[in-house]
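Chains, contacts and geometry: an overview
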Amino acid sequence: MQKYIKTIRRSAAIGLWGSMGIIILTAFYHLVSPYRFYPSEYTARWMLVVGTVLAVSEMGSSLRFIHKRIPVLRQLDSLETKFRGYAQHIRLLYIFRLVVVFLICCLIVLSARIELLMLAMVATLMLILTYPNIYRIKVDLGLTDEEMKSLFGDRYIPDTMDDNDAA
């Protein structure tokens, strides 16, 4: 079980920090470097359109992937199959987004247009918002407090509020 948790953490960290690093390097290159590519205006415009379509379609397909895959994972029987599926889900999601951010940053460098940097940042913001911490894992997989205590030990703090206190 712990190997799946490590896979989840490693995949999410590589995807998030890799995307942030690529964006920072691209912005630094665009602002500091004297070397630029200057395509024709027509080509630069089409690169802008392709980058925009790529970013928007990636965000839409990622959200659809999340909304279709999480309920299926929640309904699996054993805890190990849930974590195996969730580790694969996170790995695919974060590596796919890393590749898309890399492609968008390549388009920024090749077109000499910084407008696409905004879309790369939004894609990375989605990575930050869906980062799998232990409480998100609990909600996504529908785990009980006992299962979370056995997996994460003292790091997990259960919700002690009753249904009477919520009203």
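Residues numbered from 1 in each chain as written. Predicted model: local features only at pLDDT ≥ 70, side-chain atom pairs only at ≥ 80, totals over all residues. Heavy atoms only, no water.

Tracing the chain through its elements places Arg36 in the loop between helix 1 (2-32) and helix 2 (41-74). Owing to a relative accessible area of 30%, Arg36 belongs among the partly exposed residues under this scheme. Spatially, the C-alpha atoms of Arg36 and Leu110 are 7.8 Å apart, while their sequence positions differ by 74 residues. Leaving out residues up to four positions away in the same chain, Arg36 has contacts with Tyr29, His30 and Leu31. (Helix = DSSP H or I, 4+ residues; strand = E, 2+ residues; numbered from the N terminus. Buried < 20%, exposed > 50% of the residue type's maximum accessible area, 1.4 Å probe, protein only. Contact = heavy atoms within 4.5 Å.)

A complete count under the given rule lists five salt bridges for this structure. For Arg84, the salt bridge goes to Glu80, with nearest N and O atoms at 3.9 Å. Residue Arg84 and its partner Glu80 are both found in helix 3 (residues 79-111); the two are separated by four residues, about one turn of the helix. Taking relative accessible area as the criterion, Arg84 reaches 42% and is therefore assigned partly exposed. Ionic pairing is found between Lys138 and Asp145, a salt bridge with its closest N-O pair at 2.9 Å. A network of salt bridges, in which partner residues are shared, links Glu41, Arg113 and Glu115. (Salt bridge = Lys/Arg side-chain N within 4 Å of Asp/Glu carboxyl O.)

What follows concerns the state of the cysteines. By the definition in use, this model includes zero disulfides. The closest cysteine sulfur to the non-disulfide-bonded Cys105 is located on Cys106, 7.3 Å from its own sulfur. Here Cys105 falls in the buried class, since its relative accessible area comes to 3%. Judged by relative accessible area, Cys106 falls into the partly exposed class, the value being 28%. (Disulfide = S-S within 2.5 Å.)

In this section: a nonpolar patch on the surface. Nonpolar side chains collect at one region of the surface, where Ile14, Ile95, Val99, Phe102 and Leu103 lie side by side and expose about 420 Å² of accessible area between them. Relative to the helices and strands, Ile95 resides in helix 3. Of the residues examined, Ile95 reaches a relative accessible area of 34% and is grouped as partly exposed. (Patch = residues over 30% accessible without salt bridge, like charges linked within 9 Å, V, L, I, M, F, W, Y side chains within 5 Å. Areas by Shrake-Rupley, 256 points an atom, 1.4 Å probe, with all protein chains shown as cover.)

Two numbers describe how helix 3 lies on helix 4 (residues 116-129): the axes approach to 9 Å, and their chain directions differ by 165°. On the basis of the axis angle, helix 3 is roughly antiparallel to helix 4. Crossing hand, helix 3 versus helix 4: left-handed. Residue-level inspection shows Tyr94, Arg97, Val101, Ile104, Cys105, Leu107 and Ile108 of helix 3 in contact with helix 4, the latter providing Leu116, Leu117, Ala120, Ala123, Thr124, Met126 and Leu127. Residues that form the contact of helix 3 with helix 4 fall into these classes: 12 nonpolar, one polar and one charged. (Axes fitted to C-alpha atoms, helices over the stretch in contact; angles between N-to-C directions. Parallel < 35°, antiparallel > 145°, perpendicular 65-115°, else oblique. Left-handed = near helix turned anticlockwise from the far one by under 90°. Nonpolar A, V, L, I, M, F, W, Y, C, P; charged D, E, K, R; others polar.)

Where helix 2 meets helix 5 (residues 134-141), the axes come as close as 7 Å, and the angle between the chain directions of the two elements is 75°. The angle between helix 2 and helix 5 places the two elements in the roughly perpendicular class. Mapping the contact onto sequence places Ile70, Leu73 and Arg74 in helix 2 and Val139, Asp140 and Leu141 in helix 5. Residues that form the contact of helix 2 with helix 5 fall into these classes: four nonpolar, no polar and two charged.

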